[in-house]
Structure formats: structure tokens, C-alpha cells
Amino acid sequence: MVDVALRIRPDLDDLPVYVPGKTFPGAVKLASNEVSEGPLPSVLSAITEAAIGVNRYPDNGMVDLTAALAKKLRVTEDEIQVGCGSVILCQNLITVTSGPGDEVLFGWRSFETYPLATRVAGATPVMVPLTVDHTYDLRAMAQTITDRTRLIFICNANNPTGTVVTADDLRAFLRSVPPHIVVALDEAYFEYFRPSPEQAYDALELRREFRNLVILRTFSKAYGLAGLRVGYAVGDPQVIEALNKVHVPFSVSTIAQRAALASLSATDELLARTDAVVEERGRVTARLRQLGYPVPDSQANFVWLALGERATDFAALSTEAGVVIRPFAGDGVRVTVTNPAENDVFLAFAERWSQQNL
Ligand code: PMP
């Protein structure tokens, strides 16, 4: 065998590998913002029925699911692109807008895919620090737009801090963005949103006003299909057509498409579950604050503990105590909110830790 270095792009050398929260038998997993319940019986039977046909490729056009989403969201089918998780749609948006020399702008800290996928495209991530309240700093972002900016992500609610921007700031920002720059409003946690009047906005309404706005949503969180990988983008037909061109053929399985359709039919039942999580979010936040933890208000199915340098140790001890959470070294930890029993296991650990450390 010839011993030569294989030609891999050198600019990817220092790209970190994405490491999701690891779990182990008996652990409570609060690391990936999943729901704790399995699929509804109606969704399970759609999955079983679809499994019978897996000798065939799936419908590459994702026609039924696209039509159902268009109907539900009151948009046209050419304004929707379904993808293998919204993470792929983030990546594909970068692919269709940005290449070497171009800039992709977003707040930081935020969803880790944004910088990674930007680097994979050979483009430059431009990361604007969050405000002291752990919120997207849209004013600072507006000032950071250059003639090389090709795409902007706004993660609302922001992963991992759970914070949201005000509707006035969002509108003002959208007005300030040159209309040729695509703005992706990542609403992965949309169904957990219980906004104050200042935070309330209708993304689909905004999209009618701002042609460059693309909304990203997912079936992974409130719809409980994280394991099946289905997300969708709502945007201008020009963007959707471009996304369609880079769509990896057959990447959304028949099982995923049918499960998503069945979940849409069970929207009321599934969304009722989010009320329970929202209630728990309030309880967990209040208790953590009472214990002395700095926790911003969250509009997602997780809370952020701004522990700074102590984040990694905290998460390691939490794992030892049987609760797997997500650390972000030097910054904080993100803890998924699920049902009272699981949340209580985490709160018991947080209480023990606070007695020695806060
Ligand atoms: N956007 C945000 C902000 C997220 O937190 C996530 C999941 N962690 C995604 C997109 C991707 O979700 P999925 O690929 O499961 O649809």
C-alpha cells in the first residue's frame, strides 16, 4: 500500500466532530431536548404500515406531507421544503447561499450547526455575542452585516439559552437587512412558545412582508419524532426551489413522511403535551432560581444554567448522579424539561450541588 496523506480539505482539519449527549441504561436523559413520551398509537400504526413498503424508495417529492403542511400553514406548496431534520435545512440554506468568501451571520452562543455547516461550505461564520441577558443581540447583528453577508440565522427561542427577542426588535432588524440577504428564523421550539405581548409575532405573517425570510421548524421536538428526522422550511419559492435542488434524493424515509403526516393529524393531542412541559418549565426555573442558579426565562423545552467555568464539572457530576445533561464548556449547561418525575431527579441533584457550591 502506498503511504501518502489522502487529500482531505485542510480547512476542515480543526473542525470538531459533533458529539451528542451520551446516555447509559438507567440514566435520565435530559441532554437533547427530546420529549420523554413515545409515539401516539395512531403514529405508531402509521409507522408500522409504512414499514411494509420499505423495499421501495420513498416519495422524493414528499408530496402528501408538503400538501398537508401547506394546508395547515396556509401557504402554497412551492413555499415548503421538507428535509431530513431541520438541521439539514440549515445546512442546505448555507449551501444555496454561501461559499468561500461569503459570510454567514448569527448570534453566539447558539445552535452549533450554524458555525459547523458554514465551515463545511467553506464560508466564514460571523458570530455576534449574545447580550448579557443571553439573548440574540439584533442591533449588534444589524451593524455586523457587510456586503459579503449571504445568510443570517436568528434562533428564536435560542438554543441553548431558551431566550427570545422582542417582536419590535425582530421587525426592526428585518427592516434593516438588505432584501437580497436570506434570513433564516429557526423556530425549532416554536410549539413551546408562550410569549409575552412584547415577544409575540406571527412568523408566517412576517414572511408575507419580508420575502427574504425563511422559517425553519421540526417534527423532532413537540411532535416527538426526533428519531425519524423530519423538518421543514417555509420560504419564498425561489429559495425553496434552490433547497429542492440540493435535497439529497430520498433522504426523508417513507416511515418518517407517514409518521409526520399522522402527527399532523394528531396535532391537538401532541400540542396538549407541550402545555405540561411549559408548566414544568416554570416550576423547574423557579426552583433553580430559588436554589441560587442563574437561569434566564426560557421559551423552549429546556433551561439554561449560566454556570460559566463550572459548567463541565457540574455536568460530569450530574451524569454521575444519573442525569445526562448538556454542558457547553466555560459557558453553561442546558437541561431538557420533560415530566415531573424526570425533572425532579435533576432538581434533587441541583439542590445537592447548590448546597456546596452556590
Ligand atoms: N434548530 C435548532 C435551534 C435546534 O436546536 C435543533 C435540534 N437540536 C435543530 C434545528 C435541528 O432539529 P432536527 O434536525 O432534529 O429537525
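What counts and how
- Residues numbered from 1 in each chain as written.
- Predicted model: local features only at pLDDT ≥ 70, side-chain atom pairs only at ≥ 80, totals over all residues.
- UniProt positions renumbered as here; feature names shortened; annotations may be inferred.
- Helix = DSSP H or I, 4+ residues; strand = E, 2+ residues; numbered from the N terminus.
- Domains from an automatic or database assignment.
- Contact = placed C-beta atoms within 7 Å.
- Nonpolar A, V, L, I, M, F, W, Y, C, P; charged D, E, K, R; others polar.
- Pairing = 2+ DSSP bridges.
- Axes fitted to C-alpha atoms, helices over the stretch in contact; angles between N-to-C directions.
- Near = placed C-beta within 6 Å.
- Expected span 1.5 Å × (residues − 1).
- Buried ≥ 20, exposed ≤ 12 C-beta atoms within 10 Å, placed from the backbone.
- Parallel < 35°, antiparallel > 145°, perpendicular 65-115°, else oblique.
- Left-handed = near helix turned anticlockwise from the far one by under 90°.

Chemist: Before we move on, can you summarise the UniProt feature "domain: Aminotransferase class I/classII large" (unreviewed entry) in the protein with the specific residues and values?
Modeler: Per the UniProt annotation, the sites labelled "domain: Aminotransferase class I/classII large" (unreviewed entry) are residues 28–347. Across residues 28–347 one finds 41% helix and 17% strand; the C-alpha atoms that close the span lie 12 Å apart.

Chemist: Which residues make up the domain arrangement of the protein, and what values do they have?
Modeler: The extent of an interface is frequently quoted as the accessible surface area lost upon association of the parts. Partitioning the protein into structural domains gives domain 1 (18–39 + 268–357) and domain 2 (41–265). Computed from C-alpha coordinates alone, the two centres of domain 1 and domain 2 are separated by 24 Å. Residue-level contacts link 25 residues of domain 1 with 27 residues of domain 2. The set of elements that each furnish at least two residues to the side of domain 1 that touches domain 2 consists of α10 (267–290), β9 (302–305) and β11 (326–328). If you tally residues by element for the side of domain 1 that touches domain 2, the top one is α10, at five residues. Partitioning the side of domain 1 that touches domain 2 into residue classes produces 14 nonpolar, five polar and six charged.

Chemist: Residue-level account of the UniProt feature "modified residue: N6-(pyridoxal phosphate)lysine" (unreviewed entry) in the protein, with values.
Modeler: In the UniProt entry, the feature "modified residue: N6-(pyridoxal phosphate)lysine" (unreviewed entry) is given for K221. Its place among the elements puts K221 in the loop between β7 (213–218) and β8 (231–234). When sequence neighbours within four positions are dropped, the list of residues in contact with K221 reads N33, A188, Y189, E191 and N301.

Chemist: How would you summarise the sheet that holds β11 if you had to cite specific residues and measurements?
Modeler: Ordered by their spatial adjacency, three strands build an open sheet running β9-β12-β11, and the pairing between neighbours is antiparallel. Only two strands of the sheet have a single neighbouring strand rather than two, namely β9 and β11. Averaged over all pairs of adjacent strands, the angle between their axes in this sheet comes to 20°, without regard to strand direction. As judged from the four bridges shared by β9 and strand β12 (residues 332–336), these two strands associate in the antiparallel manner. Residue pairing across strands places L305 opposite V333, the latter belonging to β12.

Chemist: Which residues make up the site of the ligand, and what values do they have?
Modeler: Of all residues adjacent to the ligand, which total 13 residues, the nearest are G85, S86, V87, T218 and S220. Split into classes, the residues belonging to the shell around the ligand amount to five nonpolar, seven polar and one charged.

Chemist: An account of helix α3 (residues 86–97) is requested, with residue identities and associated values reported.
Modeler: With twelve residues, α3 ought to run about 16 Å at 1.5 Å a step, and its terminal C-alpha atoms sit 16 Å apart, in line with that. Of all twelve residues that make up α3, eleven are buried, and the element is covered over most of its length. Along α3, the residues that are buried comprise S86, V87, I88, L89, C90, Q91, N92, L93, I94, V96 and T97.

Chemist: An account of the packing of α10 against helix α12 (residues 340–357) is needed here, citing residue identities and associated values.
Modeler: α12 packs onto α10 with a crossing angle of 10° between their chain directions and a minimal axis gap of 11 Å. By the angle between their axes, α10 is roughly parallel relative to α12. Between α10, through E280, V284, R287 and L288, and α12, the contact on the second element is made entirely by P340, N343, L347 and A350. Tallied by class, residues from the contact of α10 with α12 come to five nonpolar, one polar and two charged.

Chemist: Which residues make up the packing of helix α2 (residues 63–73) against helix α9 (residues 254–265), and what values do they have?
Modeler: In the contact formed by α2 and α9, the axes pass within 9 Å of each other and the chain directions differ by 25°. Regarding the angle of α2 to α9, the classification is roughly parallel. Of the two possible hands of crossing, α2 and α9 adopt the one that is left-handed. Only Q257, A260, L261 and L264 of α9 make contact with α2, whose side of the interface consists of D64, L65, A68 and K72.

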